[in-house]
Amino acid sequence: MRRNLERERISRWVSVERYFSACLRNLRGDRRAVEDIRAAIDELIECRFLMRIGSYLAFLARAYLRQGRVADARDAISRAIDYQERQGERWCRSELLRVEASILLHTGKTVRAERRLKQALAEARTIGALTFALRTATDLAAHWAATGRENSAVQLLAPILNEFTEGFGTQDLVRSSRLLAEIEERNSGGAS
C-alpha cells in the first residue's frame with residue numbers, strides 16, 4: 001500500500017495506510033500505536049470513507065482491551081456496531097459481537113458474554129464465515145473449558161476445526177487446535 005501511495009498519492013488511501021501501519025506496529029508491541037490507529041480511523045470517518053470502518057473499530061477495541069483500557073474498548077466496539085448497522089456490512093457482524101463478548105468477559109459479565117458469543121457464532125454460520133465461526137467457537141470453548149464444561153467445548157470446537165482443509169499454519173487454526181488438544185488432554189488425564 002505504501003508503494004502504491006508513493007506512485008500516486010490518493011488522499012483517502014493515506015489514512016488507510018496509516019491505519020494498517022499502526023495496526024502492524026500495535027501487533028509488534030508498540031503501545032503508542034493504538035493512538036495512531038484511533039487517529040487514522042477518525043480521519044477516515046471525517047472524510048466519510050466508511051467502508052470497513054466497523055471492522056477497523058473492532059481492531060481498535062481489541063487493542064484497547066489488551067492495554068486494559070476497558071472503557072475505551074467498550075466505546076470503540078459500540079461505535080463499531082453502530083457503523084456496521086448503518087453501513088449494512090453484515091459480513092463483519094459476527095466478529096464485532098465476538099469482540100464485544102471479549103470485553104464483557106474481561107469485565108466479569110459472563111452470562112451476557114456467553115450470549116453474545118452464541119449470537120456471533122450463529123451469525124457467522126448464517127453467512128458462511130468459517131473463520132469467524134472458528135474464532136468465536138474458540139473463544140466460547142475456552143470460556144466453557146475454564147468453567148468446567150470441557151465436553152461441551154470439545155463438541156463445539158472439534159467439528160468446526162474439521163471443516164478446514166487448508167491453512168493449518170494460520171494463527172486462528174493454530175490457536176484453536178492447541179486449545180482443543182489442551183482440553184482433550186485434561187479430559188483424558190482426569191479419566192485415568
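The numbers attached to residues start from 1 for each chain and follow its sequence in the written order. Thresholds applied to this predicted model are a pLDDT of at least 70 for local features of residues and 80 or more for the giving and counting of side-chain atom pairs; totals over whole chains, interfaces and linings are not thresholded and use all residues. Excluding hydrogens and water, the side-chain values take into account all heavy atoms of the structure.

Residue-level account of the pattern of salt bridges, with values.
A pairing counts as a salt bridge when a side-chain nitrogen of Lys or Arg comes within 4 Å of a carboxyl oxygen of Asp or Glu. Scanning the entire structure with this criterion turns up 21 salt bridges. Residue E35 is joined to R69 by a salt bridge in which the shortest nitrogen-to-oxygen separation is 2.8 Å. Here R69 lies in the loop between α4 (53-66) and α5 (70-87) and E35 lies in helix α3 (residues 33-46), a separation of 34 residues in the sequence. R86 is the salt-bridge partner of D82, the closest N and O atoms lying 2.7 Å from each other. Here the residue D82 and the residue R86 both occupy positions in helix α5, the gap between them amounting to four residues, near one helical turn. In this structure D82 comes out as partly exposed when scored by relative accessible area, which is 35%. Residue burial is assigned from relative accessible area. The probe radius is 1.4 Å, only protein chains are included, and a residue is buried under 20% of its type maximum, exposed over 50%, and partly exposed in between. Taking the relative accessible area as the measure of exposure, R86 reaches 55% and is therefore exposed. Linked by salt bridges that have partners in common, R62, E95, R98, R135, D139, D172 and R175 make up one network. The helix count covers DSSP runs of H or I at least four residues long, the strand count covers runs of E at least two residues long, and both are numbered beginning at the N terminus.

Tell me what's going on with α4, and back it up with residues and numbers.
When the terminal C-alpha atoms of α4 are compared, their 20 Å separation across 14 residues agrees well with the 20 Å that a helix rising 1.5 Å per residue should span. Within α4, eleven of the 14 residues are buried, leaving the element largely enclosed by the surrounding structure. Regarding α4, the residues found buried are I53, G54, Y56, L57, A58, F59, L60, A61, A63, Y64 and L65. Any two residues whose heavy atoms approach within 4.5 Å at even a single point are treated as in contact. Residues of α4 that are buried make contact with α2 (11-27), α3, α5 and α6 (93-106). Among the residues trailing α4, G68 stands out with phi positive, at a value near 80°. The span you would expect from a helix comes to 1.5 Å times its residue count less one.

Explain the packing of α2 against α4 to me, using residue names and the numbers behind them.
Lines fitted to C-alpha atoms define the axes, with helix axes restricted to the stretch in contact, and inter-axis angles between N-to-C directions lie between 0 and 180 degrees. Here α2 crosses α4 at 30°, and the two axes come no closer than 12 Å. Overall, the two elements α2 and α4 adopt an arrangement that is roughly parallel. Note on packing geometry: the crossing formed by α2 with α4 is left-handed. When α2 is examined against α4, the residues V16, Y19, F20, C23, N26 and L27 are found in contact with a partner set consisting of S55, Y56, F59, A63 and R66. Three classes are used: nonpolar for Ala, Val, Leu, Ile, Met, Phe, Trp, Tyr, Cys and Pro, charged for Asp, Glu, Lys and Arg, and polar for all others, with Gly counted as polar. Counted by class, the contact of α2 with α4 contains eight nonpolar, two polar and one charged residues. For classification purposes, angles smaller than 35 degrees are called roughly parallel, those larger than 145 roughly antiparallel, those between 65 and 115 roughly perpendicular, and all remaining angles oblique. Left-handed describes a crossing whose near helix is turned anticlockwise from the far helix by less than a right angle; the clockwise case is right-handed.

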